[in-house]
Every structure is written in C-alpha cells, then in structure tokens.
Amino acid sequence: SLVGYFPSTSDNDDWYQVTLPAGRTLAANMTGPTASAQDYDLYLTSSTGTVLAYSEGSTTTEALAYKNTGTTTKTLYLHVTRYSSYSRVTPYTIALSR
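Not measured: the values here are computed from a predicted model. (Residues numbered from 1 in each chain as written. Predicted model: local features only at pLDDT ≥ 70, side-chain atom pairs only at ≥ 80, totals over all residues. Heavy atoms only, no water.)

Engineer: Explain the sheet that holds strand 8 (residues 92-97) to me, using residue names and the numbers behind them.
Structural biologist: Taken in spatial order, the four strands line up as 1-8-3-6 in an open sheet, and their pairing is antiparallel. The open sheet has two edge strands with one neighbour each: strand 1 (2-4) and strand 6 (61-67). Each strand of the sheet is rotated relative to its neighbour by a mean of 15°, with strand direction disregarded. Pairing of strand 3 (residues 25-31) with strand 6, which is carried by seven bridges, proceeds in the antiparallel orientation. (Pairing = 2+ DSSP bridges. Helix = DSSP H or I, 4+ residues; strand = E, 2+ residues; numbered from the N terminus. Axes fitted to C-alpha atoms, helices over the stretch in contact; angles between N-to-C directions.)

Right, here's the structure in full:
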C-alpha cells in the first residue's frame with residue numbers, strides 16, 4: 001500500500017508509477033483523512049496519458065480497478081487529485097492489489 005500527503009496548500013496532485021503484468025488486474029482503494037472536508041479523485045493513466053480508469057466521488061474515499069488484457073507488462077500511473085487543500089499534512093492511503 002501507499003501512504004502520501006500534500007506538503008503545501010498549493011500542491012494538489014500526486015503521481016505514482018505502477019507496473020501491471022499481462023493478464024493481471026490492478027485494484028486501488030484510497031482513503032483520505034476523514035476529519036476534513038476534502039475531496040479526492042483517483043485516476044489511472046497509461047504511459048501516453050490516456051485515462052484507463054477513474055473514481056471521482058465527492059468524498060475522501062475512492063476506488064478503481066483495471067485489467068491488463070495485453071500480452072506484456074504495462075507501466076501505469078496512479079494520479080491523486082485533491083480539492084479543498086487546507087489540511088496539508090494529513091496522510092492518505094492507497095491499498096493496492098494486483
């Protein structure tokens with residue numbers, strides 16, 4: 001799993017590189033700080049920037065899944081976006097399974 005936080009109020013995007021073997025499914029479940037009114041969105045993009053899966057709920061919890069139906073391992077990117085950026089050092093977690 002991943003643990004992240006935003007070090008400043010002007011920093012609202014985090015990126016994580018993930019490799020996904022052929023035939024495997026990546027599941028990502030994110031939990032943000034429950035004591036704040038923040039809103040997080042979670043995206044999974046390809047190496048070319050194409051959005052493959054996303055979760056845009058209006059809460060601090062997000063979940064997505066994507067299956068690599070190709071024959072080779074893919075390099076993908078998890079993108080966390082935060083809104084209402086006043087709670088800048090409270091961590092969020094992303095549980096990953098492949």
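Engineer: Run through the nonpolar core, naming residues and quoting values.
Structural biologist: Ranked by size, the top nonpolar core spans 18 residues in total, and within it Met30, Leu42, Leu44, Leu78, Val80, Tyr92 and Ile94 carry the most contacts. Contributing elements (two or more residues each) for this core: strand 2 (13-20), strand 3, strand 4 (39-45), strand 6, strand 7 (74-83) and strand 8. (Core = buried A, V, L, I, M, F, W, Y, C linked by side-chain atoms within 4.5 Å. Buried < 20%, exposed > 50% of the residue type's maximum accessible area, 1.4 Å probe, protein only.)

Engineer: Let's hear about the environment of Tyr5: which residues, and what values?
Structural biologist: As for its placement among the helices and strands, Tyr5 is situated in the loop between strand 1 and strand 2. In the structure, Tyr5 is positioned 28 residues away from Pro33 in sequence and 9.9 Å away in space, judged by C-alpha atoms.

Engineer: I'd love a proper account of the packing of aromatic side chains, names of residues and values included.
Structural biologist: One pass over the structure, following the stated rule, counts two aromatic pairs. Ring centres 5.9 Å apart and planes at 55° place the aromatic pair Tyr40 and Tyr92 in the tilted group. You can see Tyr40 sitting in strand 4 and its partner Tyr92 sitting in strand 8, a full 52 residues away along the chain. Look at Tyr40 and you get buried, because its relative accessible area is 0%. Given a relative accessible area of 0%, Tyr92 falls into the buried group. (Phe/Tyr/Trp six-rings, centres within 6.5 Å; stacked < 30°, edge-to-face > 60°.)

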